[in-house]
Protein chains: 2
Amino acid sequence: MTRSEENYLKAIFHLGGSSTTPISTNAIAEQMETKPSSVTDMAKKLAEKGLVNYKKYQGVSLTESGIKLALSIIRKHRLWEVFLVEKLNFSWDEVHEVAEQLEHIKSEKLIDQLDTLLGHPKYDPHGDPIPAKDGTFPEQEKQLLSEMLLGSKGVCVGVKDTSSAFLNFLDRNKIALGDTIEVMEKEDFDQSLHIKVGNQELNISHQIAANLYVKIQV
Amino acid sequence: MTRSEENYLKAIFHLGGSSTTPISTNAIAEQMETKPSSVTDMAKKLAEKGLVNYKKYQGVSLTESGIKLALSIIRKHRLWEVFLVEKLNFSWDEVHEVAEQLEHIKSEKLIDQLDTLLGHPKYDPHGDPIPAKDGTFPEQEKQLLSEMLLGSKGVCVGVKDTSSAFLNFLDRNKIALGDTIEVMEKEDFDQSLHIKVGNQELNISHQIAANLYVKIQV
DNA sequence: ACCTATTTTTAGTTTACTCTAAATATTTAT
DNA sequence: ATAAATATTTAGAGTAAACTAAAAATAGGT
């Protein structure tokens, strides 16, 4: 597996290519910041290796083994992110770029021991679940804050957007994973929300609410 | 800097290319397990970038900036080795291959924080000194065990050969860095040594003694 | 159903790195 | 000093990954 092949598998997975619905060449190109013609080349190569299903003009989806590999790369990426935050004092908006490099290091022992050092974490710093070694991928029940009903309460469990701009906004406004959020008011005009986070109240725009995942309290 | 360029700089440094004596194309090719013609190509490329001095048929030596870069790569390699041994329970014969990959990760913060996490170690698991961030390279006074005088005592501070075969031999014979070694007898016939390590006595061949570094007790 | 717009693929190039084989320079031995 | 051996460079070619531009297939709108 070359680094490039690994990145394609990861991109296809993130675009939903693990289901039977195939992903379009264009979509992959955009995600990878490359050109569609390059995607076609790689699609053929990965199909040769039995990692994707590919038929001309029909898009690409991952095979069983493609999914396995994609998950193992995502596992590495997210474990490294936890390491960077927990052990090396990175903030959650700094980890992505470095984890993109670290995820390609080849050593089974390395990742097993890292997992142990970190205490077998279930989620990365952005609240995304970490695939288990055996390929189990524990998707969590969650919904966007923007979809919460008036008056309902939830725990903040993840972010959709992981840009520095957004993550810094959350830091500045003292909104962190694990915080309890209650929807106090919903503004019809611009869909902004008045929320209570811990014992602090504030207004947030729809765009913010549409990028924060919460788990509803039952 | 590509990965390949970094590997060439490191190899040239290890062959002594930081002094004015240039290193031959063949020597570099052997060290890198590649062909002399590939070395010539890279020598031209690195010379273009001002990282090596190169004249046709005259060999290669590192420039100031080449040395700086080589040291920064060696620093990363050795810090990662310490990390693998101290934090991830690797044994000293397992670290090299993984560190070869990790040394190419690009992030200044990563390596600074790693250094801090490890408590600013001065030596790697094989006793080799770790270059400081500012480029200082604290070469330690040391000599080969095979060169020690009869009856003299020293502390084991490093290994020359870092192959698994050799490192495992040391583990099996309970010889570790930091142990005090005394030369009890020198055999003229085959230059083997009878030594005392801690309170254990054993015979070692010349080949073993010629791959163990000691620091003489004054 | 047909024409147009969009998407996807093909064909041909480029860059970085490597190799083999042949040519050239240097070193060594007599 | 010169021939033989060795070391080094050049030339040409291969591979992986990317790109551009042109061709081909698909999808949408009427």
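Residues numbered from 1 in each chain as written. Chains lettered and ligands numbered in written order. Predicted model: local features only at pLDDT ≥ 70, side-chain atom pairs only at ≥ 80, totals over all residues. Heavy atoms only, no water.

## Some details on the overall build of chain A
In step 1: A count of helical and extended segments in chain A gives 8 helices and 8 strands.
In step 2: Considered along the principal axes of its C-alpha atoms, chain A spans approximately 55 × 40 × 30 Å.
In step 3: Expressed as a percentage of the 218 residues in chain A, the buried residues total 44%.
In step 4: Long-range contacts, defined as pairs at least 24 residues apart, comprise 61% of the intrachain contacts of chain A with a sequence gap of at least 6.
In step 5: By element, 49% of the accessible surface of chain A is carried by carbon and sulfur atoms, the whole surface being about 11,400 Å².
In step 6: Looking at charge distribution, chain A has the averaged site of its 25 positive side-chain charges lying 7 Å from that of its 32 negative ones. (Helix = DSSP H or I, 4+ residues; strand = E, 2+ residues; numbered from the N terminus. Buried < 20%, exposed > 50% of the residue type's maximum accessible area, 1.4 Å probe, protein only. Contact = heavy atoms within 4.5 Å. Areas by Shrake-Rupley, 256 points an atom, 1.4 Å probe, with all protein chains shown as cover. Lys, Arg positive; Asp, Glu negative; His and termini not counted. Charge placed at Lys NZ, Arg CZ, Asp CG, Glu CD.)

## Considerations on the sheet that holds strand β8 (residues 212–216) of chain B
Sheets are built from strands that pair by backbone hydrogen bonding, the pairs being arranged parallel or antiparallel.
Residue and element names in this part refer to chain B.
In step 1: Read across the sheet, 6 strands follow the order β3-β8-β4-β5-β6-β7 without closing on themselves; strand pairing throughout is antiparallel. Every interior strand has two partners, whereas the edge strands, β3 (143–144) and β7 (200–204), have only one.
In step 2: When strand β6 (residues 193–197) meets β7, the two strands line up antiparallel, connected through 5 bridges. In the strand pairing of β7, His-194 is matched with Asn-203. (Pairing = 2+ DSSP bridges.)

## Overview of the pattern of salt bridges
Residue and element names in this part refer to chain A.
In step 1: The final tally for this structure, using the stated rule, is 20 salt bridges over all chains.
In step 2: We note a salt bridge from Lys-106 to Glu-6, for which the minimum N-O separation is 3.0 Å. Pair noted here: Lys-106 is in the loop between α5 (95–102) and α6 (108–117) and Glu-6 is in helix α1 (residues 3–14), with a separation of 100 residues, a long-range link.
In step 3: Exposure remark for Lys-106: the relative accessible area of 39% places this residue in the partly exposed category.
In step 4: With a closest N to O distance of 3.0 Å, Asp-112 and Lys-133 form a salt bridge. Remark: Lys-133 occurs in the loop between α6 and β3 (143–144) and Asp-112 occurs in helix α6; sequence separation between them is 21 residues.
In step 5: Given a relative accessible area of 53%, Lys-133 falls into the exposed group.
In step 6: One network of salt bridges, in which partners are shared, links Glu-5, Lys-45 and Lys-49. (Salt bridge = Lys/Arg side-chain N within 4 Å of Asp/Glu carboxyl O.)

## Focus on the protein's contact with DNA strand C
In step 1: The environment of DNA strand C is formed by 20 residues, the closest being A:Lys44, A:Tyr54, A:Lys56, B:Thr2 and B:Lys45.
In step 2: The protein-proximal atoms of DNA strand C, defined as those within 4 Å of the protein, are 78% sugar or phosphate.
In step 3: Contact between DNA strand C and A:Tyr54: a phosphate oxygen at 2.4 Å from a side-chain N or O atom of the residue.
In step 4: Contacts to DNA strand C include B:Tyr8, whose side-chain N or O atom sits 3.5 Å from a phosphate oxygen.
In step 5: Listing elements by their share of the surface near DNA strand C, those giving two or more residues are α2 (25–32) and α3 (36–48) of chain A together with α1 (3–14) and α3 (36–48) of chain B.
In step 6: Of the residues contributing to the surface near DNA strand C, the split by class is 5 nonpolar, 10 polar and 5 charged. (Near = heavy atom within 4 Å. Polar contact = N/O pair within 3.5 Å; in protein donor to acceptor, adjacent residues only side chain to side chain. Nonpolar A, V, L, I, M, F, W, Y, C, P; charged D, E, K, R; others polar.)

## Considering the interface of chain A and chain B
In step 1: Taken together, the contacts link 20 residues of chain A with 21 residues of chain B.
In step 2: Of the roughly 1,700 Å² buried where chain A meets chain B, counting both sides, 66% is carbon and sulfur surface.
In step 3: The largest share of the area that chain A buries against chain B comes from A:Leu88, A:Gln101 and A:Lys109, three residues that together contribute 28% of it.
In step 4: Our enumeration of links across chain A and chain B arrives at 2 salt bridges.
In step 5: Where A:Lys109 meets B:Glu94, a salt bridge forms, and the shortest distance between an N and an O atom there is 2.9 Å.
In step 6: Viewed at the interface, chain B and chain A are joined by 6 residue pairs in polar contact (both at pLDDT 80 or more).
In step 7: At 5 residues, α6(A) tops the list of elements feeding residues into the side of chain A that touches chain B.
In step 8: Taken together, the residues that form the side of chain A that touches chain B break down as 10 nonpolar, 5 polar and 5 charged. (Buried area = accessible area lost by both parts, 1.4 Å probe.)

## With respect to the nonpolar core
Generally speaking, a soluble globular protein has its nonpolar side chains buried in company with each other.
In step 1: One finds A:Leu84, B:Trp80 and B:Leu84 to be the most contacted residues of the largest nonpolar core, which totals 34 residues.
In step 2: Not counting residues up to four positions away in its chain, the partners in contact with B:Trp80 are A:Leu102, B:Ala99, B:Leu102, B:Glu103, B:Leu110, B:Ile111 and B:Leu114. (Core = buried A, V, L, I, M, F, W, Y, C linked by side-chain atoms within 4.5 Å.)

## Looking at the environment of B:Thr20
In step 1: Position of B:Thr20 relative to the elements: it lies in the loop between α1 and α2 (25–32).
In step 2: Using a relative accessible area of 76% as the deciding quantity, one classes B:Thr20 as exposed.

## Things to note about the relation of the copies chain A and chain B
In step 1: In screw terms, the move from chain A to chain B is a rotation of 180° and a rise of 0.0 Å along the axis, fitting with an RMSD of 0.1 Å. Here the symmetry operator amounts to a two-fold rotation axis. Of every C-alpha in chain A, the one belonging to A:Leu102 sits nearest the axis of rotation, 3.8 Å from it. (Least-squares fit on C-alpha atoms with pLDDT ≥ 70 in both.)

## Re the sheet that holds strand β8 (residues 212–216) of chain A
All names here are of chain A.
In step 1: One open sheet holds the 6 strands; their spatial order is β3-β8-β4-β5-β6-β7, and the pairing between them is antiparallel. Each having just a single partner strand, β3 and β7 (200–204) make up the two edges of the open sheet.
In step 2: As judged from the 5 bridges shared by strand β4 (residues 153–159) and β8, these two strands associate in the antiparallel manner. Within β8, the residue paired with Cys-156 across the bridge is Val-214.

## A short note on empty space enclosed by the protein
Residue and element names in this part refer to chain B.
In step 1: The tally for this structure, following the rule as stated, stands at 1 cavity of 30 Å³ or more.
In step 2: Each pocket or cavity is described by its volume, and for the largest cavity that value is around 40 Å³.
In step 3: Contributing elements (two or more residues each) for the lining of the largest cavity: α1 and α3.
In step 4: Per element, the largest residue contribution to the lining of the largest cavity is 4 residues, and it comes from α3. (1 Å grid on protein atoms, 1.4 Å probe; cavity = no way out; pocket = protein on both sides within 12 Å on 5 of 7 lines; lining within 4 Å. Points joined across faces, edges and corners; volume = space filled by probe spheres on them.)

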